[in-house]
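Chain residues, written in single-letter form:
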Amino acid sequence: MSLKGSLTPWGPLKAMNPLSPMSPLRLYARSRALPAALAALAGTAVAAAWAAHWLVSLPAFDHTARLPVVVFGPLLAAAAIGTGLHTPSDELDRTAVRAWWPRRLAHLLGATVLAVALLALAVPGHAEAFGAPAAVRNTLGLAGVAAAGAALIGARLSWLPPVLFVGGVYLAAPGEPGGAADWWAWVMQPGPQGGSWTVAVAAFTAGATLYAWRGARRATAAS
Amino acid sequence: MTATLTPSRTDAPARVRAARPLRTELRRGLGPWAGAAVAVTVLVAMYGKGPQWQTRWTDVTALLHVTVGLLGGPLALAAGCWQGGRDRRRGTTELWGSVPRSPLRHLLVSAAPSALWPAAGVLLADTVSLLATWPYTSVGRPFLELLAADAVAVASLGALGHLAGRLVPWRLTAPLLGIVGYVGLAIGTYTQSEARWLSPASEYTYPWARTVWWFGPVSMAWTAGLALAALLAYGARPARLRAFALIPLAVAVTAAGLILRLPSDEGPWRLDPTLTRAVCDRGSPQVCVTVLDEKLLSAVSEALAPLNARLTGLPGAPTRWAVGPVDPRPGDVELPDPTQDMVRGRVERADLYRNSAVAQLFADTCEPGDLMGPNAERASLVNAAVIEWLAPTPSDFGPDTAVAQPYIDRLNAKSPAAQRDYLTRYLAANPCHPDEVPIP
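Definitions and limits used
- Residues numbered from 1 in each chain as written.
- Chains lettered and ligands numbered in written order.
- Predicted model: local features only at pLDDT ≥ 70, side-chain atom pairs only at ≥ 80, totals over all residues.
- Helix = DSSP H or I, 4+ residues; strand = E, 2+ residues; numbered from the N terminus.
- Rg over C-alpha atoms; globule rule 2.2 N^0.38 Å.
- Contact = placed C-beta atoms within 7 Å.
- Buried ≥ 20, exposed ≤ 12 C-beta atoms within 10 Å, placed from the backbone.
- Nonpolar A, V, L, I, M, F, W, Y, C, P; charged D, E, K, R; others polar.
- Core = buried A, V, L, I, M, F, W, Y, C linked by C-beta atoms within 7 Å.
- Pairing = 2+ DSSP bridges.
- Axes fitted to C-alpha atoms, helices over the stretch in contact; angles between N-to-C directions.
- Domains from an automatic or database assignment.
- Expected span 1.5 Å × (residues − 1).
- Parallel < 35°, antiparallel > 145°, perpendicular 65-115°, else oblique.
- Left-handed = near helix turned anticlockwise from the far one by under 90°.
- Right-handed = clockwise from strand over helix to strand, strands pointing away.
- pLDDT = per-residue confidence, 0-100.

A short note on the overall build of chain B
Move 1: The number of helices and strands found in chain B is 16 helices and 8 strands.
Move 2: Over its C-alpha trace chain B gives a radius of gyration of 31 Å, far above what one expects of a compact globule, namely 22 Å for 440 residues.
Move 3: Principal axes of the C-alpha set define a box for chain B whose edges measure 110 × 60 × 40 Å.
Move 4: Contacts in chain B between residues far apart in sequence, at least 24 positions, make up 76% of those at least 6 positions apart.

Here it is in structure tokens:
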């Protein structure tokens, strides 16, 4: 028996299949509860697609009735992404030799791209009014807010800032798009308004940068 | 030296403060933040709708009810759910099972912040909104019993969220519960069945109405009974004591039965005849509002003054502009509700309000087949020109009236006496019959 082969009962680490039951990727996915987060994203997209179809099919409504779908679908997706950033071994992770920021960024980008794609498919047609562009913009922006929340108050409570923001602007936003509301109520805009896209992209960029740089704030036992 | 370091035998023993778990629970954790979040969220939403509710107690109560129900309720659910999962996150669930305090008492103490802080946030937002409304209301009082029922409903949702947090060990439970709670409450506002009055966010706005006296207390019994029943069913030990949960459940079901017997359209609201008495100014035409809007009378009269100056004394002109359900008389013209254009006691867009009033003055209902014939288009232009001449459409509002400009120019070119003569002939004509409409 060679020395290399005697390191572990099942063989040297380098010989591991990356998709084997104990691969680092699989361990990482399990530690972040990624399967549950992915299932939540898929469930959110299915529920959003059903809700959008149901609202449009109501006699008194048309495609503009999809506003709740393009707001609350991305909100739930952002909550799933944000809570998925929680690590149960934060102190241990920070002792690693390799830099964590590329992995954090890849995790956030991967989950966000998946959520964006799923929710864009959930609201087809009428891109100008609460269609796929609005869903993409809101998913991006709210995921960024959740990522910033994870860095500042912890991943398990990262859903709180986007929920508070949406709760605050949902009833306060004016009925007509445009004006200053493009900026402060960006999540309520129908689609192509430039100001709303600027804020959403800025929120995602800032949130992703902050999370990649700092990681999720270590949660105390009480939080 | 030694004596100075030794405590005197006569010193009183140090007083040990009794532990106050409820006080500690209320002061720490997410509770105060949840209360602040509810207050800020409701106040931001109310601020965004400011001009719509700062005139009448019914308006502010109705909007607070919807805002608190739709925003405060889901937030309380989510925050309570998070608070409910605290012991599991701390890993102290089994430890709590070893203390002499009963499980029910521990549950009630730990659920207190989930229920009380969001309710306190609601009451704070209510107080601020009512104080902001007070200077501009004319009669009546705030519907405190309904606002108290809203606070109890939010507290109940917080307690139910707390239980959900204890029962479901999943990170996404709290935001999911909040969003599902919002969607459920929002759907309730769209339905027209009797069951919508059970919802803490049911919408109804009729300014000249009051609720039946028992609706507030019964609503409290409905929501609080449900929450208390759930808490007792979960926390009472030994198991046979859980039967006590049936008492608040029976209260809640009885309250729900009473609410479900309300009419589906107006629910608990009833017209209050004392609020519809007319109060008029001395102008011609008179401007009349109900006593509910007495403080608005001078602002509405002022907004309509330029229009009234052209209509004064003309045969066929309205005798009264009537706002709201005042006793109708011949010659009355109903005005649009001014509260939509009022900002803190003044008409913000007087030009728009005058234009709406003139549109209302000439809003005849023509029969099918009217407004036909060779002169129909000309009559339509003349009608538009007269409206535009009496109260020009604001540049940022309504259709473009440039096509009627030649007739407007002709009206402006006339002498005051000729203008009054033309307006008299126009008011005497039937605008639905194009041949009768006089050309300026």
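Details of the overall build of chain A
Move 1: Along chain A, the regular secondary structure elements total 9 helices and 0 strands.
Move 2: Along the chain direction, N to C, the helices and strands of chain A fall in the order α-α-α-α-α-α-α-α-α.
Move 3: Looking at chain A as a whole, 45% of its 223 residues are labelled buried.

Thoughts on the interface of chain A and chain B
Move 1: Listed per partner, the contact involves 21 residues of chain A and 25 residues of chain B.
Move 2: Counting only elements with at least two residues in the side of chain A that touches chain B, the list comes to helix 3 (67-83) and helix 7 (160-172) of chain A.
Move 3: In terms of residue count, the dominant contributor to the side of chain A that touches chain B is helix 3 of chain A (7 residues).
Move 4: Considering only residue class, the side of chain A that touches chain B consists of 16 nonpolar, 4 polar and 1 charged.

A few points about the nonpolar core
Move 1: Counting 143 residues, the largest nonpolar core has Leu75, Ala146 and Ala147 of chain A together with Val42 of chain B as the members making the most contacts within it.
Move 2: Broken down by element, this core gets its largest block of residues, 16 residues, from helix 4 (residues 57-84) of chain B.
Move 3: Those residues within four positions of valine 42 of chain B in sequence are excluded, and the remaining contacts are Thr67, Val68, Leu71, Gly72, Val122 and Ala125 of chain B.
Move 4: Formed by 38 residues, the second largest nonpolar core is a distinct cluster that contains Met342, Val382, Leu390 and Leu423 of chain B.

Quick word on the sheet that holds strand 4 (residues 286-290) of chain B
All names here are of chain B.
Move 1: Pairing is mixed in the open sheet, where 4 strands are placed in the order 3-4-5-6. Each end of this open sheet is capped by a strand with a single partner; those strands are strand 3 (278-280) and strand 6 (332-335). In this sheet, adjacent strand axes meet at a mean angle of 30 degrees when their direction is disregarded.
Move 2: Sheet analysis places strand 5 (residues 320-323) next to strand 6, joined by 4 bridges and oriented parallel. In the sheet register, alanine 322 faces strand 6, and the bridge partner there is glutamate 334.
Move 3: Its contacts with the sheet place helix 12 (residues 297-311) against strand 3, strand 4 and strand 5, and it is angled at close to 150 degrees to strand 4.
Move 4: Running at roughly 135 degrees to strand 6, helix 13 (residues 350-361) makes contact with strand 5 and strand 6 of the sheet.

As for the domain arrangement of chain B
Residue and element names in this part refer to chain B.
Move 1: Considered domain by domain, chain B is made up of domain 1 (21-271), domain 2 (276-361) and domain 3 (364-440).
Move 2: A straight line from the C-alpha centre of domain 2 to that of domain 3 covers 22 Å.
Move 3: On the side of domain 3, 12 residues touch domain 2, which itself brings 14 residues to the contact.
Move 4: Looking at the side of domain 2 that touches domain 3, the elements that each hand over two or more residues are helix 12 and helix 13.
Move 5: Top element by residues in the side of domain 2 that touches domain 3 is helix 13. It accounts for 7 residues.
Move 6: Here the side of domain 2 that touches domain 3 is composed, by residue class, of 8 nonpolar, 2 polar and 4 charged.

Considering helix 3 of chain A
Turn by turn, an α-helix covers 3.6 residues, leaving residues three or four places apart pointing in a common direction.
Move 1: End to end, helix 3 of chain A covers 24 Å across 17 residues, agreeing with the expected 24 Å (1.5 Å per residue, within 8%).
Move 2: Among the 17 residues in helix 3 of chain A, 15 count as buried, and that is most of the element.

Here's the deal with helix 2 (residues 34-57) of chain A
Move 1: End to end, helix 2 of chain A covers 34 Å across 24 residues, agreeing with the expected 34 Å (1.5 Å per residue, within 8%).
Move 2: Turning to helix 2 of chain A, its buried residues are Ala37, Ala40, Leu41, Thr44, Ala45, Ala48 and Ala52 of chain A.

Some thoughts on the packing of helix 3 (residues 31-48) of chain B against helix 4 of chain B
Residue and element names in this part refer to chain B.
Move 1: Direction vectors running N to C along helix 3 and helix 4 enclose 155 degrees, while the axes themselves pass 9 Å from each other. One finds that helix 3 runs roughly antiparallel with respect to helix 4. The two elements helix 3 and helix 4 meet at a crossing, and its hand is right-handed. Within the contact between the two elements, helix 3 uses Gly31, Ala34, Ala37, Val38, Thr41, Val42, Ala45 and Met46 and helix 4 uses Leu63, Thr67, Val68, Leu71, Gly72, Leu75, Ala76, Ala79 and Gln83.
Move 2: A class-by-class count of the residues in the contact of helix 3 with helix 4 yields 12 nonpolar, 5 polar and no charged.

Digging into the pairing of strand 4 of chain B
Residues and elements named next belong to chain B.
Move 1: Buried residues dominate strand 4, accounting for 4 of its 5 residues.
Move 2: Inspection of the sheet shows strand 3 paired to strand 4 by 3 bridges, in the antiparallel sense. Across the sheet, valine 279 pairs through a bridge with valine 289, a residue of strand 4.
Move 3: Counting the residues in the hairpin turn of strand 3 and strand 4 gives 5 residues.
Move 4: Where strand 4 lies against strand 5, 4 bridges are found, and the strand directions are parallel. Within the sheet, the bridge partner assigned to glutamine 286 lies in strand 5 and is arginine 320.
Move 5: Taken together, strand 4, helix 12 and strand 5 form a β-α-β motif whose crossover is left-handed.

Section: the environment of glutamate 436 of chain B
Residues and elements named next belong to chain B.
Move 1: With respect to the helices and strands, glutamate 436 occurs in the segment after helix 16 (416-428).
Move 2: Along the chain, glutamate 436 and phenylalanine 397 lie 39 residues apart, while their C-alpha atoms are 30 Å from each other.
Move 3: Beyond its immediate sequence surroundings of up to four residues, glutamate 436 is in contact with Ala429 and Asn430.

Quick notes on the confidence of the model for chain A
Residues and elements named next belong to chain A.
Move 1: Residues of chain A with pLDDT of at least 70 account for 88%, and the chain-wide mean is 85.
Move 2: Per-element mean pLDDT across chain A ranges from 80 in helix 4 (residues 90-93) up to 96 in helix 6 (residues 132-153).
Move 3: Every residue in residues 1-15 scores below 50 in pLDDT, and together they form 6 contacts with partners more than four places removed in sequence or on other chains.

Concerning unusual backbone geometry
Move 1: Geometrically, the link from arginine 237 of chain B to proline 238 of chain B is a cis peptide bond, its omega value of -5 degrees lying close to zero.
Move 2: Mapped onto the elements of the fold, proline 238 of chain B is located in the loop between helix 10 (215-235) and helix 11 (246-260).
Move 3: We note that alanine 33 of chain A has phi near 55 degrees; this positive angle belongs to a residue other than glycine.
Move 4: Mapped onto the elements, alanine 33 of chain A comes out in the loop between helix 1 (24-31) and helix 2.
Move 5: If you check the backbone angles, phenylalanine 130 of chain A has positive phi at about 55 degrees while not being a glycine.
Move 6: In this structure, phenylalanine 130 of chain A sits in the loop between helix 5 (101-122) and helix 6.
Move 7: A tally of 26 C-beta atoms within 10 Å means that phenylalanine 130 of chain A is categorised as buried.

Focus on the environment of isoleucine 387 of chain B
Residues and elements named next belong to chain B.
Move 1: On the secondary structure map, isoleucine 387 appears in helix 14 (residues 376-390).
Move 2: Residue classification places isoleucine 387 among the buried residues on the basis of 20 C-beta atoms within 10 Å.
Move 3: The sequence separation of isoleucine 387 and leucine 361 amounts to 26 residues, and the corresponding C-alpha distance is 9.2 Å.
Move 4: For isoleucine 387, the residues in contact, after removing those within four places along its chain, are Val358, Ala359 and Phe362.

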